[in-house]
Amino acid sequence: MRPARRVDRLRQLDQVSADLVDRLLQVARTGLPGMQLPDGTTCFTRRFSAARVVGEPEGCSLRYTAITVLGARHLDAAGQRAVLGGRTVGEVCDVLVDRLASTNSVGDAALAVWATAACGHEGLDRALGRLDVLDSGSSTRYVVEQAWVVSALAAARSSANVERQLDLARARLLDAQAGALFGHVTGPDLASRVRRHVSCFADQVYPIQALSRLHAAVGDPGALAAANRCADRIVSLQGPAGQWWWHYDTRTGGMVEGYPVYSVHQHAMGPMALLDLADAGGQVELDAVRRGLGWMVSAPETGESLILDGPGLTVRKVARGDPRKLVRGARAVASGLRPGTRLAALDRLWPPTAVDRECRPYEFGWLLDCWLGGLDDPSGRASAGPTTHGTDG
């Protein structure tokens, strides 16, 4: 592995947390090989039992493949082959680009652009062409996907002329911010009136990351300020055991429902957003990263271990056992009708004790990218080094 500067920074804050990140990085390297499919893509998920019997890979995901590339690019050629089923990131980018014609997902295309740009892959122009087709028009878009578009184009701008598309994606993303928090979609929200105020943790961290990367790439104080506002708010709402909560109220800036709490949010997505913001010059409380990591080994909701070192897996989430996501739905409706309504009795009826025993490859992709990467290069190629079509990277 390349020297993990962010782990070293964390080590200055807390040795225990840095040791935990080192452990998780090894878990990722252990688990990713079993998530690779023969065609060069990754599976969608791997499930395991309470007895830690691990099932076969299930499904296939282009976006998870791209995220895995973003993480694996920080390894040397031998390390890439070890986690990518014998391939380098360049060879997996070949597969990604070839498969883009079969997807209608803006998110898939954006992540493929990001991966090819970050790896210096010659398929970038083809990926950009597919993204331009899928992201054209004025329809409502998911905030998460639009954030990926901004991150992707910020990474691509040193290799291609994407300024027009980047300006448009930036405007869409910033328009989705209400006060401090970002909504679930850009443009008019077609959700029911009593639920359109609800957005999730992913709707916050990916914009923080994207706007931080945009500022690092082009110098955009407005983007940085928007990222700072959002980061300040989610940090202020962080749980007592370091939990990054799930559903927020974009009108009040408060919380709607905390659960489920996802492992990937704790060890990768929360840290990557805050660390990217810090690298871009934002004001960040890095102790929030330490608190979030701590939940992975001391989650008060369950006595079950969330990290499986042997097979290289982590528990996906800790949730309530309520049928059909009843608590989330009830709290969304109640807070929609009367902001701030919590329905406290639901906490007693359905405590957060259910464990989701599955693990998805993107969780490890973001983990590697978070802790082995950084924004030391405004082009977006943080520490990957040059990687071209079909080469070792």
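Only a predicted model underlies this, so the values are computations on that prediction, with no experimental measurement involved.

K.L.:
Give me the overall build of the chain: which residues, what numbers.
P.N.:
Looking only at helices and strands, the chain features 16 helices and 14 strands. At 20 Å, the chain has a C-alpha radius of gyration in line with the 21 Å of a compact globule built from 393 residues. A principal-axis box enclosing the C-alpha atoms of the chain has dimensions of 60 × 50 × 40 Å. Looking at the chain as a whole, 60% of its 393 residues are labelled buried. Looking at the chain alone, contacts between residues at least 24 apart form 71% of all its contacts between residues at least 6 apart. For the chain, the computed accessible surface area is about 14500 Å², with 52% contributed by carbon and sulfur atoms.

K.L.:
Talk me through the packing of aromatic side chains; I want residue IDs and the actual numbers.
P.N.:
With the rule as written, the count across this model stands at eight aromatic pairs. Ring centres of tryptophan 114 and tryptophan 366 lie 5.6 Å apart, and the angle between their planes is 50 degrees; on these two criteria the pair is classed as tilted. Of this pair, tryptophan 114 sits in helix α6 (residues 106-119) while tryptophan 366 sits in helix α16 (residues 361-372), and the two are 252 residues apart along the sequence. There is no split in this pair, since tryptophan 114 and tryptophan 366 are both buried. Grouped by ring-pair contacts, the aromatic residues Trp114, Trp148, Tyr206 and Trp366 constitute a single cluster.

K.L.:
Give a description of helix α13 (residues 287-298) that names residues and reports values.
P.N.:
Compared with an ideal rise of 1.5 Å per residue, which puts 12 residues at 16 Å, α13 spans 16 Å between its outermost C-alpha atoms and is within 8% of the ideal. Listed as buried for α13 are Ala288, Val289, Gly292, Leu293, Trp295 and Met296. Projected onto a plane normal to the axis of α13, the buried residues spread over an arc of 140 degrees and lie on a single side.

K.L.:
I'd like a rundown of the sheet that holds strand β13 (residues 354-356), residues and numbers included.
P.N.:
Pairing is antiparallel across the open sheet formed by three strands, whose spatial order is β9-β12-β13. Each edge of the open sheet is held by one strand with a lone partner, namely β9 (261-262) and β13. Where strand β12 (residues 317-319) lies against β13, three bridges are found, and the strand directions are antiparallel. Residue lysine 317 lies in a different strand from β13, and its bridge partner there is aspartate 356.

K.L.:
Lay out the pattern of salt bridges with the relevant residues and their values.
P.N.:
For the structure shown, the criterion picks out 31 salt bridges. One salt bridge connects aspartate 279 with arginine 9, and the closest N-O pair in it is separated by 3.0 Å. Of this pair, aspartate 279 sits in helix α12 (residues 263-279) while arginine 9 sits in helix α1 (residues 5-13), placing them 270 residues apart in sequence. Note on aspartate 279: relative accessible area 27%, which makes it partly exposed. Taken together, the shared-partner salt bridges in this structure form one network comprising Arg6, Arg9, Arg213, Asp276 and Asp279.

K.L.:
Go over the sheet that holds strand β6 (residues 198-200) with me, naming the residues and quoting the values.
P.N.:
Ordered in space as β6-β7-β8, the three strands form an open sheet in which the pairing is antiparallel. Two strands bound the open sheet, and with one partner strand each, they are β6 and β8 (254-257). Going from strand to strand, the sheet's axes swing by 45 degrees on average, the running direction of each strand aside. One ladder, built from three bridges, connects β6 with strand β7 (residues 247-249); its direction is antiparallel. Bridged to valine 198 within β7 is aspartate 249. Its contacts with the sheet place helix α10 (residues 202-218) against β6 and β7, and it is angled at close to 60 degrees to β6.

K.L.:
Break down unusual backbone geometry for me, with residues and values.
P.N.:
With an omega dihedral of 10 degrees, the bond running from tyrosine 259 to proline 260 counts as a cis peptide bond. Structurally, proline 260 is set in the loop between β8 and β9. The phi angle at arginine 324 is positive, at roughly 55 degrees, despite the residue not being glycine. Counting through the fold element by element, arginine 324 comes out in the loop between β12 and α14 (326-337).

K.L.:
So what about the nonpolar core? Which residues, and what values?
P.N.:
Membership of the largest hydrophobic core comes to 121 residues, with the highest contact counts inside it found for Trp114, Tyr206, Leu211, Met269, Trp366 and Trp371. With residues up to four places along the chain from it excluded, the contact list for tryptophan 114 reads Leu70, Trp148, Ser151, Ala152, Ala155, Gln209, Arg213 and Trp366.

K.L.:
Any chance you could break down α10 for me, citing the residues and the numbers?
P.N.:
Here α10 contains 17 residues, and its C-alpha end-to-end distance of 24 Å stays within 8% of the 24 Å for a straight helix at 1.5 Å per residue. Looking one or two residues past α10, glycine 219 carries a phi angle of roughly 75 degrees, positive in sign.

K.L.:
Please give an account of the packing of helix α9 (residues 163-175) against α10 that cites residues and values.
P.N.:
As a packed pair, α9 and α10 sit with axes 11 Å apart at the nearest point and diverge in direction by 140 degrees. As judged from the angle between their axes, α9 and α10 are oblique. Viewed along their axes, α9 and α10 form a crossing whose handedness is left-handed. Taken together, the residues of α10 that come into contact with α9 (itself represented by Leu166, Arg170, Leu173 and Leu174) are Pro207, Ala210, Leu211 and Leu214. Here the residues of the contact of α9 with α10 sort into seven nonpolar, no polar and one charged.

K.L.:
Got a sec to walk through the environment of serine 138? Specific residues and values, please.
P.N.:
As for its placement among the helices and strands, serine 138 is situated in the loop between α7 (124-134) and β2 (141-142). For serine 138, a relative accessible area of 74% corresponds to the exposed category. When the C-alpha atoms of serine 138 and arginine 172 are compared, they prove to be 9.8 Å apart, with 34 residues separating the residues in sequence.

Reading the values: the criteria
- Residues numbered from 1 in each chain as written.
- Predicted model: local features only at pLDDT ≥ 70, side-chain atom pairs only at ≥ 80, totals over all residues.
- Heavy atoms only, no water.
- Helix = DSSP H or I, 4+ residues; strand = E, 2+ residues; numbered from the N terminus.
- Rg over C-alpha atoms; globule rule 2.2 N^0.38 Å.
- Buried < 20%, exposed > 50% of the residue type's maximum accessible area, 1.4 Å probe, protein only.
- Contact = heavy atoms within 4.5 Å.
- Areas by Shrake-Rupley, 256 points an atom, 1.4 Å probe, with all protein chains shown as cover.
- Phe/Tyr/Trp six-rings, centres within 6.5 Å; stacked < 30°, edge-to-face > 60°.
- Expected span 1.5 Å × (residues − 1).
- Arc of directions from axis to C-beta.
- Pairing = 2+ DSSP bridges.
- Salt bridge = Lys/Arg side-chain N within 4 Å of Asp/Glu carboxyl O.
- Axes fitted to C-alpha atoms, helices over the stretch in contact; angles between N-to-C directions.
- Core = buried A, V, L, I, M, F, W, Y, C linked by side-chain atoms within 4.5 Å.
- Parallel < 35°, antiparallel > 145°, perpendicular 65-115°, else oblique.
- Left-handed = near helix turned anticlockwise from the far one by under 90°.
- Nonpolar A, V, L, I, M, F, W, Y, C, P; charged D, E, K, R; others polar.

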